[in-house]
Amino acid sequence: MRLPQLLAARTGKNLFLPAHGRGNGLSMGIRRLLRNKPGVWDLPELPEIGSPTCSIGAVSKSQCEAAEAFGARKCWYGVNGATGLLQSAVLAIAKPQQAILMPRNVHRSIIQACILGDISPVLFDLPFLEDRGHFFPPSLAWFKKVLKKLEEEKIVIAAVVLTNPTYQGYSEEIEPLIKAIHKLGVPVLVDEAHGTYFASSLGDIDLPKSALNAGADLVVHSLHKSAPGLVQSASLWLQGDLIDQDVIDRSISLLQTTSPSALLMASCESALHDLCSTEGRRNLKNKIDNAKDISFQLRQKGLPLLENQDPLKFILHTSSVGISGIAADHWLMNRGIIAELPEPGTLTFCLGFAKHKGLVNLLKLTWDKILSSNLERNCLPPFTRPPSPLIKTLNTSLLLAFKADSEIVPLNSAFGRISSELISPYPPGIAVLLPGEKLNSDLVSWMIGQRSYWPEQIPSKIKVVL
Ligand SMILES: Cc1ncc(COP(=O)(O)O)c(C=O)c1O
């Protein structure tokens with residue numbers, strides 16, 4: 001089958017990203033545009049359109065209006081997802097050989113940017129939820145211990161990256177962390193890929209505070225993950241005076257295509273407009289109320305859903321009945337129910353911005369079938385936390401290790417070697433091993449354990465520096 005036919009023929013219950021749910025929740029402006037003659041919107045960088053880094057043209061004007069609406073100093077639209085804008089932001093906030101403090105669960109795009117820019121990641125450990133195998137964002141008390149350790153070890157950092165919320169929708173109060181970072185005089189970049197809609201002013205709805213409203217210097221949003229944008233649409237926001245706008249422009253130009261898609265830039269505008277217009281916010285409130293109701297009813301019907309802070313996502317705790325989230329995902333996919341994030345202990349579903357009629361009954365019925373199926377059951381929890389010290393610096397430059405002459409060795413005989421590769425199951429895109437990281441016995445044993453959970457994602461042989 002050819003790709004266009006395949007895309008059109010794909011059916012099933014969509015509980016995955018993009019959050020517009022195969023067009024059902026797509027922003028109005030884009031729906032109208034796509035009803036036009038096919039392809040009319042596919043335009044090059046004409047003078048009246050411009051691009052995210054142009055100071056003239058409709059895109060520039062639209063970005064200024066978005067910045068004003070969301071209270072930021074500057075906004076850039078992105079056409080290569082949060083990935084592209086996170087990478088540009090990382091390249092902008094540190095020079096080669098400088099260090100950036102970041103959580104152990106940082107998305108791999110940030111590690112990749114460190115490779116590109118010869119920047120040293122200083123990884124800090126995080127609270128770990130052993131019953132499901134997830135990291136949780138740090139509280140202020142936790143983060144203060146990290147900063148104390150940094151001071152004791154005399155590690156100098158140029159910036160800090162925080163990830164909030166996580167892929168599974170866990171969020172912690174971020175404002176006190178940002179204040180503590182600013183006391184050090186360094187900027188903070190927040191990867192809010194999964195929390196764009198937290199920046200919408202929804203009054204009485206209880207949502208985590210967006211990093212944009214909490215004073216972060218740079219915030220990246222994935223507009224297809226947490227707003228009704230098309231895949232690859234994203235936004236980067238600048239605030240305060242710690243970072244020069246020109247440095248960001250230059251970093252975006254380094255990585256961005258010279259032909260940014262006009263459709264995607266229009267989608268950025270529409271998705272953000274939906275989050276701040278009166279009608280868009282009313283719709284969003286309804287979606288959130290509806291999502292909360294779905295989760296409430298599923299719990300009432302006995303589905304093991306875990307608490308998180310993002311109402312548009314729910315986490316099914318499959319390992320609580322001994323079933324791996326990955327096995328449950330395969331089983332569901334064969335029956336036309338497509339979730340977003342299969343992991344060893346859980347399966348995360350995204351409700352996004354589409355309507356979900358009849359979902360409660362469908363999932364209750366399906367869960368009962370899973371329970372009575374012959375899906376393999378193991379005694380899964382508790383999961384072991386990765387063997388990370390509170391602060392971890394790498395033994396070798398990330399870039400040098402990545403580029404080094406290397407050999408491939410079986411994982412179980414890699415003790416004492418330095419990794420030359422980035423290993424990160426996707427989704428969620430969190431690194432289990434970085435280039436430049438030393439494979440001590442605890443790390444190798446933990447990775448071997450992880451292989452039993454993610455056999456297709458964690459290789460049995462790895463590339464190590466010669
Ligand atoms: C935490 C986090 N940040 C960034 C990204 C990258 O987002 P995008 O797909 O828009 O490039 C992801 C993707 O999974 C993510 O989970």
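1. Here's the deal with the environment of Leu91
Then comes step 1: Along the chain, Leu91 falls in helix α4 (residues 81-93).
Then comes step 2: Assessed through its relative accessible area of 18%, Leu91 is described here as buried.
Then comes step 3: A C-alpha to C-alpha distance of 9.5 Å links Leu91 and Arg250, two positions 159 residues apart in sequence.
Then comes step 4: Excluding its chain neighbours within four sequence positions, the residues that come into contact with Leu91 are Ala113, Leu116, Gly117, Ile119, Ser251, Leu254 and Leu255.

2. A short note on helix α12 (residues 359-372)
Then comes step 1: For α12, spanning 14 residues, the distance from its first C-alpha to its last is 20 Å, which sits close to the expected 20 Å at 1.5 Å a residue.
Then comes step 2: Lining the buried residues of α12 we find β1 (13-14), α10 (278-300), β12 (313-316), α11 (325-333) and β13 (337-338).

3. Examining the domain arrangement of the protein
Interface size is often expressed as the accessible area that is lost when the parts come together.
Then comes step 1: Each assigned domain of the protein is listed with its residue range as follows: domain 1 (28-278), domain 2 (288-372) and domain 3 (394-465).
Then comes step 2: Taken together, the contacts link 21 residues of domain 1 with 21 residues of domain 2.
Then comes step 3: Around 1,600 Å² of area is buried between domain 1 and domain 2 when both sides are counted, 58% of it from carbon and sulfur atoms.
Then comes step 4: Looking only at domain 1, the three residues that lose the most surface to domain 2 are Tyr167, Gln168 and Tyr197, adding up to 34% of its buried area.
Then comes step 5: Between the two partners, domain 1 and domain 2, sit zero salt bridges.
Then comes step 6: At the boundary of domain 1 and domain 2, one finds 12 residue pairs in polar contact (both at pLDDT 80 or more).
Then comes step 7: Grouping the amino acids of the side of domain 1 that touches domain 2 by side-chain chemistry returns 11 nonpolar, seven polar and three charged.

4. Some remarks on the state of the cysteines
Then comes step 1: Scanning all chains against the criterion turns up zero disulfides.
Then comes step 2: Distance from the sulfur of Cys64, which forms no disulfide, to the nearest cysteine sulfur (Cys75) is 8.9 Å.
Then comes step 3: Using a relative accessible area of 47% as the deciding quantity, one classes Cys64 as partly exposed.
Then comes step 4: Its sulfur unpaired, Cys350 is 19 Å from the next cysteine sulfur, which belongs to Cys268.

5. A look at the pattern of salt bridges
Then comes step 1: Applying the stated criterion across every chain yields a total of 12 salt bridges.
Then comes step 2: Between Arg132 and Asp131 there is a salt bridge, with the nearest N and O atoms lying 2.8 Å from each other.
Then comes step 3: Classification of Asp131 as partly exposed rests on a relative accessible area of 31%.
Then comes step 4: Of the charged contacts in the structure, one is a salt bridge between Glu153 and Lys149, with a shortest N-O distance of 3.4 Å.
Then comes step 5: By relative accessible area, Glu153 is classed as partly exposed at 40%.
Then comes step 6: Overall, the relative accessible area of 28% leaves Lys149 in the partly exposed class.
Then comes step 7: If you follow the salt bridges from partner to partner, you end up with Arg104, Lys392 and Glu437 in one network.

6. Some words on the sheet that holds strand β14 (residues 341-342)
Then comes step 1: Strand order in the open sheet made by the four strands is β11-β12-β15-β14, with antiparallel pairing throughout. Lying at the two open borders of the sheet, with one neighbouring strand each, are β11 (305-306) and β14.
Then comes step 2: Pairing of β11 with β12 involves two bridges; the strand directions are antiparallel. The residue bridging Leu306 from the neighbouring strand is Ile315, located in β12.

7. A look at the layout of surface pockets
Then comes step 1: A volume near 730 Å³ is recorded for the largest pocket.
Then comes step 2: Every residue lining the largest pocket is counted, 49 residues in all, and those nearest its centre are Asn105, Tyr167, Pro425, Pro428 and Ile430.
Then comes step 3: The set of elements that each furnish at least two residues to the lining of the largest pocket consists of α4, α5 (108-117), β6 (134-135) and α14 (441-453).
Then comes step 4: Class assignment of the residues belonging to the lining of the largest pocket gives a composition of 22 nonpolar, 19 polar and eight charged.
Then comes step 5: Its volume calculated, the second largest pocket comes out at about 610 Å³.
Then comes step 6: Lining the second largest pocket we find 29 residues, and of these Gly25, Asp274, Asn283, Lys287 and Phe353 sit closest to its centre.
Then comes step 7: Contributing elements (two or more residues each) for the lining of the second largest pocket: α2 (28-34), α9 (262-276) and α10.

8. Some details on the packing of aromatic side chains
Then comes step 1: By the definition in use, this model includes eight aromatic pairs.
Then comes step 2: Aromatic pair Phe70 and Trp237: ring centres 5.0 Å apart, planes at 45 degrees, arrangement tilted. Taken together, the positions of Phe70 in helix α3 (residues 58-70) and Trp237 in strand β10 (residues 234-238) put the pair 167 residues apart, joining distant regions of the chain.
Then comes step 3: With relative accessibility at 0%, the residue Trp237 sits in the buried group.
Then comes step 4: For the ring pair Phe128 and Phe135, a centre distance of 5.6 Å and an interplane angle of 70 degrees mean the geometry is edge-to-face. Pair check on accessibility: Phe128 and Phe135 agree, each one buried.
Then comes step 5: Chaining the aromatic ring pairs together yields one cluster made of Tyr197, Phe198 and Phe353.

9. Let's talk about the site of the ligand
Then comes step 1: Lining the immediate surroundings of the ligand are 13 residues, of which Ala82, Thr83, Asp191, His194 and Ser222 lie closest.
Then comes step 2: Here Asp191 contributes a side-chain N or O atom positioned 2.6 Å from a nitrogen atom of the ligand.
Then comes step 3: Note that an oxygen atom of the ligand is positioned 2.9 Å from one of the side-chain N or O atoms of Tyr426.
Then comes step 4: Protein chains shield 92% of the accessible area of the ligand, which is 390 Å² for the free molecule.
Then comes step 5: The pocket occupied by the ligand, as judged from atoms lying within 2 Å of grid points, is the largest pocket.
Then comes step 6: Ranked by the residues each element gives to the shell around the ligand, the list is headed by α4, at four residues.
Then comes step 7: By residue class, the composition of the shell around the ligand is five nonpolar, six polar and two charged.

10. Considering helix α8 (residues 245-255)
Then comes step 1: Every buried residue belonging to α8 is among Ile248, Asp249, Ser251 and Ile252, and all of these are buried. Across the axial projection of α8, the buried residues extend over an arc of 165 degrees, all falling on one side. Across α8 from its buried face, at more than 90 degrees, point the exposed residues Arg250 and Leu254.
Then comes step 2: You can read the cap of α8 off the contacts: a side-chain oxygen lies 3.1 Å from the backbone nitrogen of Asp246, and it is on Asp244.

Each value, and the rule that gives it
- Residues numbered from 1 in each chain as written.
- Predicted model: local features only at pLDDT ≥ 70, side-chain atom pairs only at ≥ 80, totals over all residues.
- Heavy atoms only, no water.
- Helix = DSSP H or I, 4+ residues; strand = E, 2+ residues; numbered from the N terminus.
- Buried < 20%, exposed > 50% of the residue type's maximum accessible area, 1.4 Å probe, protein only.
- Contact = heavy atoms within 4.5 Å.
- Expected span 1.5 Å × (residues − 1).
- Domains from an automatic or database assignment.
- Buried area = accessible area lost by both parts, 1.4 Å probe.
- Salt bridge = Lys/Arg side-chain N within 4 Å of Asp/Glu carboxyl O.
- Polar contact = N/O pair within 3.5 Å; in protein donor to acceptor, adjacent residues only side chain to side chain.
- Nonpolar A, V, L, I, M, F, W, Y, C, P; charged D, E, K, R; others polar.
- Disulfide = S-S within 2.5 Å.
- Pairing = 2+ DSSP bridges.
- 1 Å grid on protein atoms, 1.4 Å probe; cavity = no way out; pocket = protein on both sides within 12 Å on 5 of 7 lines; lining within 4 Å.
- Points joined across faces, edges and corners; volume = space filled by probe spheres on them.
- Phe/Tyr/Trp six-rings, centres within 6.5 Å; stacked < 30°, edge-to-face > 60°.
- Near = heavy atom within 4 Å.
- Areas by Shrake-Rupley, 256 points an atom, 1.4 Å probe, with all protein chains shown as cover.
- Sits in = over half its atoms within 2 Å of the grid points.
- Arc of directions from axis to C-beta.

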